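Here is what each chain is made of, one letter per residue.
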Amino acid sequence: MHTSWEKVLQSEFNSPYFNNLVAFVKEDYRTTKCFPKGSQIFNAFDSCPFDQVKVIILGQDPYHGQGQADGLCFSVPKDLPHPPSLKNIFKEIEVDLNLPVPQSGSLQGWAKQGVFLLNSTLTVRSNQAGSHQDKGWEQFTDNVIKKLSKEIEGLVFMLWGGFAKQKIKFIDMEKHLVLTSGHPSPLSANRGYWFGNKHFSQCNAYLKSLDKAPIQWG
């Protein structure tokens, strides 16, 4: 984890709930197959220092298929096929910003520009969606959202789907831009709740209004 986050989150790391969470995760990684690999659990924090965050995209669980999870929400390693939700994210960017769909499904390039790609739960058992929920990760990531909202000005929060929208209560709406829509999953997108939200152009317009560099989404 980047040192900038370690300073901000020290109180979390020292708390009993986090120690219990670490013990659970270590034991589950020892006894079952879990994702992402241990070195990538905090990839979102490694790739995007606290003081460089400009945009927050919130996911729920890591991918639970072999080799898909890389520690960034919605992202997969560059040599893997695009999962359905990521396909729809790229389709919306294509229409919104007239950018071609990238070959790689890795969103590491976004993270390096200040897009904090946070899953609410940072680990999962192989082929068992939600298997590490309610173990402490949500408390940790909720507190991360609160700290971002409180300590930084002019962030863009992209909250997609009902689960992500629940996090609005942790965000100061007067200090930040909050963009909400349906989830990019096919079930939601095909019902008209995702396509046409224009979140990516809205995000860049807001960043430019604050004299911040826009995100290169392509």
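Residues numbered from 1 in each chain as written. Predicted model: local features only at pLDDT ≥ 70, side-chain atom pairs only at ≥ 80, totals over all residues. Heavy atoms only, no water.

Colleague: Pulling in residues and values, what's your account of the state of the cysteines?
Modeller: Applying the stated criterion to the full structure yields zero disulfides. With no disulfide partner, C48 has as its closest neighbouring cysteine sulfur the one in C73, 11 Å distant. As a non-bridged cysteine, C203 has C48 as the owner of its nearest cysteine sulfur, 12 Å distant. (Disulfide = S-S within 2.5 Å.)

Colleague: Run through helix α5 (residues 84-97), naming residues and quoting values.
Modeller: Its 14 residues place the ends of α5 20 Å apart at the C-alpha level, agreeing with the 20 Å of an ideal helix rising 1.5 Å per residue. Where α5 is concerned, the buried positions are S85, L86, N88, I89, F90, E92, I93 and D96. Turning to α5, the residues buried within the fold contact α6 (108-112), β5 (156-160), α9 (186-189) and α10 (199-209). (Helix = DSSP H or I, 4+ residues; strand = E, 2+ residues; numbered from the N terminus. Expected span 1.5 Å × (residues − 1). Buried < 20%, exposed > 50% of the residue type's maximum accessible area, 1.4 Å probe, protein only. Contact = heavy atoms within 4.5 Å.)

Colleague: Can you lay out α10 for me, pointing to particular residues and giving the numbers?
Modeller: Restricting attention to buried positions, one finds in α10 the residues H199, F200, C203, N204, Y206 and L207. When α10 is viewed along its axis, its buried side chains cluster within an angular range of 160° and face the same direction. Set apart from the buried face of α10 by more than 90 degrees, the exposed residues are K208 and S209. If you follow the buried residues of α10, they end up packed against β2 (55-59), α5, β5 and β6 (177-181). Directly after α10, the chain includes D211, whose backbone phi takes a positive value near 60°. (Arc of directions from axis to C-beta.)

Colleague: Any chance you could break down the side chain of S85 for me, citing the residues and the numbers?
Modeller: Secondary-structure assignment places S85 in helix α5. A relative accessible area of 13% means that S85 is categorised as buried. Here the side chain of S85 touches S185 through a polar contact of 3.5 Å, landing on its backbone nitrogen. If near-sequence neighbours (up to four positions away) are discounted, S85 is found in contact with F74, H183, P184, S185 and P186. (Polar contact = N/O pair within 3.5 Å; in protein donor to acceptor, adjacent residues only side chain to side chain.)

Colleague: Run through the packing of aromatic side chains, naming residues and quoting values.
Modeller: Two descriptors summarise a pair of aromatic rings, namely the distance from one centre to the other and the angle between the planes of the rings. Per the stated rule, a full pass over the model turns up 20 aromatic pairs. Relative to F45, the ring of F42 has its centre 5.8 Å away and its plane inclined at 70°; by these criteria the two rings are edge-to-face. Among the aromatic residues, those joined into a cluster by ring pairs are W5, F13, Y17, F18, F42, F45, F50, F116, W137 and F140. (Phe/Tyr/Trp six-rings, centres within 6.5 Å; stacked < 30°, edge-to-face > 60°.)

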